[in-house]
Every structure is written in C-alpha cells, then in structure tokens.
Amino acid sequence: MKAFFNYLTIISAIIMITSILLQARGSSLGAAFGGAGDFHGSRRGSEKVLYNATIIAATVFVLSVILSILASS
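(A) Representation of the overall build of the protein chain. Each helix and strand in the protein chain was counted, giving 2 helices and 0 strands. Among the 73 residues that make up the protein chain, the fraction classed as buried is 14%. Contacts in the protein chain between residues far apart in sequence, at least 24 positions, make up 83% of those at least 6 positions apart. Entry remark: accessible area of the protein chain is about 5600 Å², with carbon and sulfur atoms responsible for 71%.

Laid out in structure tokens, this is it:
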C-alpha cells in the first residue's frame, strides 16, 4: 500500500510541476521591481482549467504524502 502512495506522490508532483510551468502570467522579472502595471482579470477557458488542475494536483500530492506517512507507521 505504501508503494501505491509513493507512486501517487511522484505522479501528482510531476503533474503539479508541469501545470505550474505552463501557466503564463504575462509578467517577467521586471514585475518584481515594479515594472509591470498591467491588470489581470478573471481566468477563462484553458487558463481556468490549468489553474484548477494545479489545485487538484497539489491537494492529491499533500494527501498522498500524509497517507504514505500514516501507512508506514
């Protein structure tokens, strides 16, 4: 059972990393120093799906780590 949670942790981590890297915010390093003043409204379409997939992957990741710890004890 512990092996299942380990595999689930790895798969959810890969999905989470990929979905975070695919999210485009339209701002670069200049935004950290006050260079970007554009307004970002609500998420729509594929951006919303990617955002929700990131949240789901993060939740699955955290739960799989907790369950993996509980399964080992």
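From this point, the discussion proceeds with the structure in view.
(B) Main features of the environment of I20. Tracing the backbone through its elements, the reader meets I20 in helix α1 (residues 2-22). The spatial distance from the C-alpha of I20 to the C-alpha of I55 is 9.8 Å, given a sequence separation of 35 residues.

(C) Quick peek at the packing of α1 against helix α2 (residues 46-72). Two elements in contact, α1 and α2, have axes whose closest approach is 8 Å; the angle formed by their N-to-C orientations is 155 degrees. Here α1 is positioned roughly antiparallel relative to α2, judged by the angle of their axes. Handedness of the α1/α2 crossing: left-handed. Taking contact as the criterion, the partners of K2, F5, N6, L8, T9, S12, A13, I15, M16, S19, I20 and L22 in α1 are, on α2, L50, T54, A57, A58, V60, F61, S64, V65, L67, S68, A71 and S72.

(D) Quick look at the side chain of S68. Positionally, S68 belongs in helix α2. The residues contacting S68, other than those within four sequence positions of it, are K2, F5 and N6.

Conventions we followed
- Residues numbered from 1 in each chain as written.
- Predicted model: local features only at pLDDT ≥ 70, side-chain atom pairs only at ≥ 80, totals over all residues.
- Heavy atoms only, no water.
- Helix = DSSP H or I, 4+ residues; strand = E, 2+ residues; numbered from the N terminus.
- Buried < 20%, exposed > 50% of the residue type's maximum accessible area, 1.4 Å probe, protein only.
- Contact = heavy atoms within 4.5 Å.
- Areas by Shrake-Rupley, 256 points an atom, 1.4 Å probe, with all protein chains shown as cover.
- Axes fitted to C-alpha atoms, helices over the stretch in contact; angles between N-to-C directions.
- Parallel < 35°, antiparallel > 145°, perpendicular 65-115°, else oblique.
- Left-handed = near helix turned anticlockwise from the far one by under 90°.

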